[in-house]
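So you can see what is in the structure, the chains are spelled out below.
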Amino acid sequence: MTVCILGSPSTFLPVLLEGGTRCPGAMVLCLSPTWATRVPSETSPGAWSLLLSRGVSFKTGGHSALETFTPPRQANYVTGTYRMGGSEGGWVSELTRDLDCPTGGSVPLTRRLEDPLLARWVLAARAGLAVPPTTAFVRGSRRGDLPPGMGVPGVKLVWMEDTPDTERLVQEEVGAFLGGSDMEQYGQVAVRPAGWRWRGSGTRSTHGKAEGAAVAQAVGARLRALRDDDSVLLEALVPTARLPEPPPRSPAPRLPMALRICTLVCRSWGDRPQLCQVSCAMGRAEAPVHHGAALPQGLDSSLQHWGVVAPGQRQALAKRLQVAAEATMAAVLATEAELSPEQRGGARAHTDIMGVDFLLACVDDTLELVVLSTNSQRCLETCLLAEAMGRAVGQPHGDTPRLLAEAMLHRAQCHLVEGKDILLIGAGGVSKSFVWDAARDYGLRIHLVESDPEHFAAGLVETFLPYDSREHRRDEEHAERVTELLRSRGLQPHACLSYWDDCVVLAALVCQRLGLRSSPPAAVRVAKQKSRTHQHLQRCHRGRPAPAAFAVPCHRLQSHGDVERAAGAVPFPAVAKLEFGAGAVGVRLVESPEQCHEHAARLWRDLRDDADHPGIGLGWGNAMLLMEYVPGTEHDVDLVVFEGRLMGAWVSDNGPTRLPAFLETAACLPSCLPADRQAQLVRAALQCCLACGLRDGVFNVELKLGPAGPRLLEINPRMGGFYLRDWIREVYGADLLLAAVLVALGLPPVLPASPAPRTHLAGVMCLGSEHGAVLGAGGALEALRDLQSRGLVRLNRLFEETAADGEYEEPCLSVACAGETRAEACLRLLGLCQALGIDSPRYPVEHFLSHFK
């Protein structure tokens, strides 16, 4: 993996150092055009690959070295210092044009960011943000990037032609602007040239609102010197809000000051804007506060100095600033998506880092954030300076270098998986439909082995290989047949994996035969068979605590005689369930040996093979186990493990089940638990996986947490099912599916090192027996789909039908709501369930959600 930074190292040095620590050797600095070569792309006609013959690579501990690469290294992600003038800007621009890999910015995109007229139009029109009242004078034939009919609140465009009436038109427009309603609360205006070449020049004149003739004369003079792609801006000088001075008040006169708020935003996980850092600068009100004119300082102390004394008010302003900054980048990205590849500087070029400058103004006695401008790297330089200043006085390292390095490394990994041939064993049902969309988005070539020759995914994959593997007790034979099938088709996959519970052992056996990365089949077998998992862990006594501490007494049941023997080893109440089961089908609390006999007899009669209930492990037989009932709260831990190292972990909470059955009712993410209790669960889950031999893959571990700590329920040696992939991606940005592909390809996934939740999710399961009528004829499902289309709920279909399946039914649908807090998410969900009839005395949603505190 190669992330290439072109040009001067000064701006990106902290990012290079952080990236070198996360992925040693992946970050490469290219200081000269002679170190890189453009060659025609082998995968994208008309595009170019960037090959590096030399570069400065960065490794753990801040070490760097000038290396010669033989053979040359191909860049997977490229960005650089896009200078608008000078020799460096020329060669960086040329090397980054039309590349076949993700490119963070380009000269054309940088020019758009650095043009205040374009930026203000985008932000006012697309994001609804306040901008200084502006009239822009533009030559009609020289700005093809501006729509002729452009008009948005706060920004007026005047197209100028070389006619005898030009002077009169300027006077009329200046008079209309100065006398307009937008200027009522402002006393001064500025006239300045605008465009990317004028950035930071400070070339402007300031006038009082009453000086109409002087303003018109200044506009006319600027128009006569107008160059291509430039405009003349007539804008209101928006003063910083003046608040009462906080005590102790000084008798000295208080000079009018200006406050400029600088924000740095990046395109983070899932292409979502994320505010990285905020810095402020203060200066005299009569002169603009430019970047570099004053030392940066923090937002909270700046607001406090300005008179915003109440902590709650400062927090509210900080939240408003975050929303505005992220909305700015969202608007910029939406506008870029409408540009042609030529206008962007390449089909893979996108703005990944940008700065947004704000003023804190007072409008109608209310504090309001006003957007001044956007920029490509000036806010980055200011924020990194502020972070370096903080470290000099003992402040901890900030998040900015980590967030930017993670975003670059993530995009490089996405490029690495493009075009890879992935052998997928088992398609699963409708609950796995997201796999096909994700494969398309990541550019994966899926070759699917599936037992159902009529499966809906047959037309969604590169190669469909129908093969009946439902009798999983013959997986050794199936693995040999699958490898023969691949050889006959001439297929040589780069990786093989399965997201479907029934097929995980078969996938491991195929990997073993093909020499592909996977956990050993023996380890997957131990994890797949629940009684073997616990019995194996009970023999593992190394560690503090040893994995045996998390195991639960259990006994395998294949006959009624086994029930009698188990009753002497497992205390009651106990849990009886299928040995290879999935989806909590057939799991039941039994109070006595007699109840266990009854449940076993019923289950062995009703569930004999896969045809009786597909997808719950009956291809392995219908053996059961009896295990001790473990009190406590139930949790899922989803792990990403590479070569035995924990790469990422996420803890979610489950609501109470409706005993004596154990079907899931509700869930929330992030977990309600304090950090130390979550750490217990993660450590227990990891130790159990490693003790079983699961050293490579994405695993879902179900545990109970009581006063004495975690106890294991079961290990699922595959990605978490139901809603988990969708929720984790929404809340934290990480994609378990992509992580599983990367591990299978032999690449350690780059995941958020210190993930902060973007939102809180609370969800409830729907059952066919309880909600079939409401969802179908009652119209609730259509209402939910409409709400989902508007982003108000998250739906995860688990099965196509909503009909009841009696004693062995599974949830058919997960309905979730988001909120700024867990309480807000739960309140929204409860109101929705009450309105649609999902909540009822038989299915008390309020009770299920009451555990999330």
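Everything below is about the structure shown above.
This text gives an overview of the structure that appears in the document.

The rules behind the values
- Residues numbered from 1 in each chain as written.
- Predicted model: local features only at pLDDT ≥ 70, side-chain atom pairs only at ≥ 80, totals over all residues.
- Heavy atoms only, no water.
- Buried < 20%, exposed > 50% of the residue type's maximum accessible area, 1.4 Å probe, protein only.
- Helix = DSSP H or I, 4+ residues; strand = E, 2+ residues; numbered from the N terminus.
- Pairing = 2+ DSSP bridges.
- Contact = heavy atoms within 4.5 Å.
- Salt bridge = Lys/Arg side-chain N within 4 Å of Asp/Glu carboxyl O.
- Axes fitted to C-alpha atoms, helices over the stretch in contact; angles between N-to-C directions.

As for the pairing of strand β30 (residues 697-706)
Most of β30 is tucked away: 10 of the 10 residues are buried. Pairing of strand β27 (residues 633-642) with β30, which is carried by nine bridges, proceeds in the antiparallel orientation. In the sheet register, V640 faces β30, and the bridge partner there is V698.

Some remarks on the side chain of T134
Structurally, T134 is set in strand β8 (residues 134-139). In this structure T134 comes out as buried when scored by relative accessible area, which is 3%. Those residues in contact with T134, other than ones at most four positions away along the chain, are R120, G154, V155, K156, F177, L233, L234 and E235.

Side note on the side chain of S373
Residue placement: S373 occurs in strand β18 (residues 366-375). Note on S373: relative accessible area 13%, which makes it buried. Once residues lying within four places of it in the same chain are set aside, the contact partners of S373 are R260, G355, V356 and D357.

Here we look at the pattern of salt bridges
Any two side chains of opposite charge can pair, given that their charged atoms come close. Evaluation of the coordinates by the stated rule reveals 52 salt bridges. Between D357 and R260 there is a salt bridge, and its shortest N-O distance comes to 3.2 Å. With a gap of 97 residues between them, D357 in strand β17 (residues 353-363) and R260 in strand β14 (residues 257-267) connect regions that are remote in the sequence. Close ionic contact of E471 with R473 constitutes a salt bridge, the shortest N to O distance being 2.8 Å. In this structure R473 comes out as exposed when scored by relative accessible area, which is 56%. One network of salt bridges, in which partners are shared, links E476, E480, R487, R513 and R525.

Some points on the sheet that holds strand β33 (residues 794-797)
Spatial strand order, β31-β30-β27-β28-β29-β32-β34-β33: eight strands in an open sheet with antiparallel pairing. What marks the edges here is a single partner per strand, and that holds for β31 (709-716) and β33. Shown here is a sheet whose adjacent strand axes are inclined to one another by a mean of 25 degrees, direction ignored. Running over the sheet, helix α24 (residues 822-836) touches β29 (666-669), β32 (760-766) and β34 (813-819) and is turned about 135 degrees from β34.

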